[in-house]
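So the chains spell out like this:
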Amino acid sequence: MADRDMTETVIRQSAKLEIETKSVTAHICAMANAAPQQLPDEVVKEMRPERIGYRLRLLREALGLSPSEMADMLGIERTYWSRFENGRRAINDTTAALLVTTFGVTLDFLILGRADKLPVDLAMRIRQVSEK
């Protein structure tokens, strides 16, 4: 009798867990689909991998680094950096955080293209590179 009670408990827990998983997944998907509609078009444009890649190139050039030196400093594969910088792959959270902590760049600059909160010296170097 004890074995039967245990089997029923496990079956019930499994069914409950499956329902909760479906609910969370549906909620996350709904959030992902809703976000772009709420953002202004110019913000959505700046968040595209190509625009972020352009800013990554500006940052790298402002720091006077080659693509391989940048990748090595961040501890990532050189091919990953190339894909990020060329806009073929969206930058991931970890790499963005590494850039922020290593070089003092802001997420506002990386993701949205806003340079107003960058350190002054870095903003000036980036501006010089962009004007070339």
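Rules of the game
Residues numbered from 1 in each chain as written. Predicted model: local features only at pLDDT ≥ 70, side-chain atom pairs only at ≥ 80, totals over all residues. Heavy atoms only, no water. Helix = DSSP H or I, 4+ residues; strand = E, 2+ residues; numbered from the N terminus. Contact = heavy atoms within 4.5 Å. Areas by Shrake-Rupley, 256 points an atom, 1.4 Å probe, with all protein chains shown as cover. Salt bridge = Lys/Arg side-chain N within 4 Å of Asp/Glu carboxyl O. Buried < 20%, exposed > 50% of the residue type's maximum accessible area, 1.4 Å probe, protein only. Arc of directions from axis to C-beta. Expected span 1.5 Å × (residues − 1). Patch = residues over 30% accessible without salt bridge, like charges linked within 9 Å, V, L, I, M, F, W, Y side chains within 5 Å. Core = buried A, V, L, I, M, F, W, Y, C linked by side-chain atoms within 4.5 Å.

Trainee: I tried to follow the overall build of the chain on my own but got confused; where do I start?
Mentor: Regarding its fold elements, the chain presents 8 helices and 0 strands. Sequence-ordered secondary structure for the chain, helices as α and strands as β, is α-α-α-α-α-α-α-α. Pairs at least 24 apart in sequence give 50% of the contacts found in the chain among residues at least 6 apart. Counting only carbon and sulfur atoms, one obtains 56% of the accessible surface of the chain, whose full area is about 9200 Å².

Trainee: What should I look at first to understand the pattern of salt bridges in this one?
Mentor: Proximity of charged atoms lets side chains of opposite charge pair with each other. Summed over all chains, the structure comprises 8 salt bridges. For arginine 60, the salt bridge is made with glutamate 61, and the minimal N-O distance between the two is 3.9 Å. In this structure arginine 60 comes out as buried when scored by relative accessible area, which is 8%. We classify glutamate 61 as partly exposed; its relative accessible area is 33%. Residues joined in a network through salt bridges with shared partners are Arg57, Arg60, Glu61 and Glu85.

Trainee: What am I meant to see in helix H4 (residues 67-74) here?
Mentor: An α-helical turn contains 3.6 residues, so a residue and the one three or four places further along point in the same direction. If you check which residues of H4 are buried, you get Met70, Ala71 and Leu74. Buried residues in H4, looked at end-on, bunch into an arc of 95°, giving them a common side. Elements that come into contact with the buried residues of H4 comprise helix H3 (49-62), helix H5 (78-85) and helix H6 (93-103).

Trainee: It is not clear to me how the side chain of arginine 60 should be interpreted in this structure. Could you clarify?
Mentor: Following the sequence through the fold, arginine 60 ends up in helix H3. Leaving out residues up to four positions away in the same chain, arginine 60 has contacts with Leu65, Ser66, Pro67, Met70, Trp81 and Glu85.

Trainee: Looking at this model, I keep getting lost on H3. Mind explaining?
Mentor: When the terminal C-alpha atoms of H3 are compared, their 20 Å separation across 14 residues agrees well with the 20 Å that a helix rising 1.5 Å per residue should span. Where H3 is concerned, the buried positions are Ile52, Gly53, Arg55, Leu56, Leu58, Leu59, Arg60 and Ala62. As for H3, its buried residues are in contact with helix H2 (41-46), H4, H5, H6, helix H7 (107-112) and helix H8 (120-130). Downstream of H3 by one or two residues, glycine 64 has phi in the positive range, about 70°.

Trainee: Whenever I open this one, a nonpolar patch on the surface confuses me. Can you help?
Mentor: A cluster of nonpolar side chains, namely Leu39, Val44 and Met47, defines an oily patch on the protein surface of about 200 Å² accessible area. Mapped onto the fold, valine 44 is located in helix H2.

Trainee: How should I be thinking about the nonpolar core in this particular structure?
Mentor: Most often, soluble globular proteins have nonpolar side chains that are buried together. Membership of the largest hydrophobic core comes to 24 residues, with the highest contact counts inside it found for Leu56, Met70, Trp81, Leu99, Val105 and Ile126. At the level of secondary structure, the elements contributing two or more residues to this core comprise H3, H4, H5, H6, H7 and H8. No other element matches the 5 residues that H3 contributes to this core. Excluding its chain neighbours within four sequence positions, the residues that come into contact with tryptophan 81 are Leu56, Arg60, Pro67, Met70, Ala71, Leu74, Ile76 and Leu99.

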